[in-house]
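Spelled out, the chains give:
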Amino acid sequence: MRRTVFNEDHEAFRETIRAFIEAEVVPVYDDWFAAGQAPRDFYYKLAELGVFGIRVDEEFGGAGIDSYKFEAVIYEETARAGISFGGSGVHVLLGLPYIKLLASDEQKKRYLPKFVSGEEMWAIAMTEPGTGSDLAGMKTTAKLSEDGTHYVLNGAKTFITGGVHADRMIVCARTAAPTAEDRRHGISLFVVDTKAEGYSVGRKLDKLGLKTSDTAELAFVDVKVPVEDLMGEENKGFG
Ligand SMILES: Cc1cc2nc3c(=O)[nH]c(=O)nc-3n(C[C@H](O)[C@H](O)[C@H](O)COP(=O)(O)OP(=O)(O)OC[C@H]3O[C@@H](n4cnc5c(N)ncnc54)[C@H](O)[C@@H]3O)c2cc1C
């Protein structure tokens, strides 16, 4: 059977990705597997290939392509070789939709160029030691400072894919108590600089599978998050 979903641009991209995997991943994959993660430098190589900017607008350094087909090619080729690109999947597949949907124009200008260049790897932290499926039960809090310039973040997260290497973490936290009618009310999303004081990465968790995808515990002790890094509407983050 002949597929018609991919055109010659996709097939040329496939050749590039296949050669890249053979040169840059296959020879070192056992080491990544043993280490439980891909090295941070590898993500710069992916960025150079243009992998992070496929669906990012050209004004922010991306290719501005409104299609998942190039990403489908990547997943076909990694599956074919029996390898993965580490924890980088969450950068584009989870991080980017949040930025595209919720970030202001000012935030997009600040976040996206570094997102595309791989200078800042993104991940998302929702799950907590006591809160998985029941996300509305999260305990991490973000309190607005008296002068209104920043939020103060306190709490812990676990099972966070890409958590070891992330430079920007979308952290879900309570900014208000739930209401009697809606337990989901009061959760907000913050784009947290992982180098901020009080932000720490705990254990890298061992897993049965997904061995090269780093999965981490995170802790926040009085982490200051500038108000400019609230993403989307305050208290409406659950949606
Ligand atoms: C490899 C891996 C990567 C992950 N990456 C991320 C990440 O990047 N960011 C992030 O925030 N989180 C991440 N997670 C966490 C993931 O989102 C949670 O594991 C998931 O939400 C389930 O939560 P839990 O593990 O606490 O299980 P629980 O919520 O405790 O559930 C345990 C079991 O009980 C069942 N259950 C729960 N509630 C009910 C109910 N009301 N009725 C019936 N059955 C129920 C569940 O189906 C499940 O079988 C990751 C997890 C894994 C394993």
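The structure this text deals with has already been given above.
Because the structure is predicted, anything quoted here is derived from the model rather than measured.

Draft legend 1. Local environment of the overall build of the chain. When its secondary structure is counted, the chain shows six helices and eight strands. Walking the chain from its N terminus toward its C terminus, one meets helices and strands in the order α-α-α-α-α-α-β-β-β-β-β-β-β-β. Overall, the C-alpha framework of the chain stretches about 60 × 40 × 35 Å when taken along its three principal axes. For the chain, the residues scored as buried account for 46% of the 239 residues in total. Restricting the contact set of the chain to residue pairs at least 6 apart, pairs at least 24 apart contribute 70%. On the chain, roughly 12,400 Å² of surface is accessible, and the fraction owed to carbon and sulfur atoms is 53%.

Draft legend 2. Molecular detail of the site of the ligand. Near the ligand you find Ile124, Ala125, Met126, Thr127, Gly132, Ser133, Phe159, Ile160, Thr161, Lys207 and Leu210, and these make up its full shell. The contact in question runs from an oxygen atom of the ligand to an N or O atom on the side chain of Ser133, over 2.6 Å. Phe159 has a polar backbone atom sitting 2.8 Å from a nitrogen atom of the ligand. Burial of the ligand by the protein amounts to 40% of the accessible area it has alone, namely 970 Å². Counting only elements with at least two residues in the shell around the ligand, the list comes to β1 (122-125) and β3 (150-161). Top element by residues in the shell around the ligand is β3. It accounts for three residues. Split by residue class, the shell around the ligand holds six nonpolar, four polar and one charged.

Draft legend 3. Quick peek at helix α6 (residues 105-117). Here α6 is 13 residues long and its end C-alpha atoms lie 19 Å apart, about the 18 Å a rise of 1.5 Å per residue gives. If you look at α6, its biggest bend is around 30°, right at Tyr111, and the proline Pro113 turns up within four residues after that. One or two steps after α6, the chain reaches Gly118, where phi turns positive at roughly 80°.

Draft legend 4. Main features of the environment of Trp122. The topology assignment puts Trp122 in strand β1. Between the alpha carbons of Trp122 and Gly163 there is a distance of 8.7 Å; along the sequence they are 41 residues apart. Those residues in contact with Trp122 that sit more than four places away from it in its chain are Val90, His91, Ile99, Tyr111, Phe115, Arg168, Ile170, Val191 and Met231.

Draft legend 5. Examining the pairing of β1 more closely. Side chains Trp122 and Ile124 project from β1 onto one buried face, and the interleaved Ala123 and Ala125 project onto a second face that is buried too. For β1 and strand β4 (residues 168-174), the ladder comprises four bridges, and the chain directions are parallel. Looking at β4, one finds that Ala125 is bridged to Val171.

Draft legend 6. Just the pairing of strand β2 (residues 141-144), in detail. Here β2 pairs with β3 via four bridges, running antiparallel. Directly across from Ala142, in β3, lies its bridge partner Leu153. Joining the antiparallel neighbours β2 and β3 is a turn of five residues, in which Gly148 adopts a positive phi near 70°.

Reading the values: rules and limits
- Residues numbered from 1 in each chain as written.
- Predicted model: local features only at pLDDT ≥ 70, side-chain atom pairs only at ≥ 80, totals over all residues.
- Heavy atoms only, no water.
- Helix = DSSP H or I, 4+ residues; strand = E, 2+ residues; numbered from the N terminus.
- Buried < 20%, exposed > 50% of the residue type's maximum accessible area, 1.4 Å probe, protein only.
- Contact = heavy atoms within 4.5 Å.
- Areas by Shrake-Rupley, 256 points an atom, 1.4 Å probe, with all protein chains shown as cover.
- Near = heavy atom within 4 Å.
- Polar contact = N/O pair within 3.5 Å; in protein donor to acceptor, adjacent residues only side chain to side chain.
- Nonpolar A, V, L, I, M, F, W, Y, C, P; charged D, E, K, R; others polar.
- Expected span 1.5 Å × (residues − 1).
- Bend = angle between axes of the 7 residues up to and from the residue.
- Pairing = 2+ DSSP bridges.

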